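Coordinate inspection notes
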Amino acid sequence: MPKINGNEIRPGNVLEHNDGLWAAVKVDHVKPGKGGAFAQVELRNLRNGSKLNERFRSADKVERVRLEQKDQQFLYENDGMLVFMDNDTFEQIELPAEILGERRPFLQDGMTIQIEYYEQEALSASLPQKVVCKVVETEPVVKGQTAANSFKPALLDNGVKVMVPPFVGQDEDIVVNTETMEYSERA
């Protein structure tokens, strides 16, 4: 694996540090008046989510890790475990539902998601950026209520509540952004 200098760390890089895998969340390059420059790096552990602030001088060497990204299709859920199939080899793997966090309700049958692996260990999973959902319950449209940028709450078929524009009615399909968990457009 390639070693990089401490001042070459960028946000999004995955590093092997203190016997763990860490993603660089925030990087600040600091040049104090006295002494050498260093990079103040905020790291997040990919296995347990803990955070760590670390200083790297330019002379420090760190292991940069490349994660393998695979597209896998969601098949079904079994006792809190999500079962995915590799689209190339047709192998099935089970991952805990917690790997998706608060975005779990947006996972739909047959959906293809991207899973990041380090060697054989699945570290994270990301859904497509936009998902189509059906509005199950929302307030009826009131004529003349067109105040600038007014939104109303809506309950989706997966149990998630989002704010939608007044023209969206019940039983309509909408597109939801899975990163911000907000209404994006009509489907």
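Here goes a summary of the coordinates provided. (Residues numbered from 1 in each chain as written. Predicted model: local features only at pLDDT ≥ 70, side-chain atom pairs only at ≥ 80, totals over all residues. Heavy atoms only, no water.)

Glancing now at the overall build of the protein. Helix and strand counts for the protein stand at zero helices and 16 strands. Its C-alpha radius of gyration of 22 Å places the protein more than 25% over the 16 Å reference for a compact globule of 187 residues. The long-range fraction of contacts in the protein, counting pairs at least 24 apart against all pairs at least 6 apart in sequence, stands at 42%. Carbon and sulfur atoms make up 46% of the accessible area of the protein, which amounts to about 11400 Å² in all. Between the mean site of the 22 positive side-chain charges and the mean site of the 31 negative ones, the protein shows a separation of 10 Å. (Helix = DSSP H or I, 4+ residues; strand = E, 2+ residues; numbered from the N terminus. Rg over C-alpha atoms; globule rule 2.2 N^0.38 Å. Contact = heavy atoms within 4.5 Å. Areas by Shrake-Rupley, 256 points an atom, 1.4 Å probe, with all protein chains shown as cover. Lys, Arg positive; Asp, Glu negative; His and termini not counted. Charge placed at Lys NZ, Arg CZ, Asp CG, Glu CD.)

For the rest of this paragraph, the subject is the pairing of strand β3 (residues 20-30). Sheet topology places strand β2 (residues 14-17) next to β3; four bridges connect them, and they run antiparallel. Directly across from L15, in β3, lies its bridge partner W22. Remark: two residues form the turn of the hairpin made by β2 and β3, two consecutive strands paired antiparallel; N18 in that turn has positive phi of roughly 50°. Taken together, the eight bridges between β3 and strand β4 (residues 38-45) define a ladder with antiparallel strand orientation. (Pairing = 2+ DSSP bridges.)

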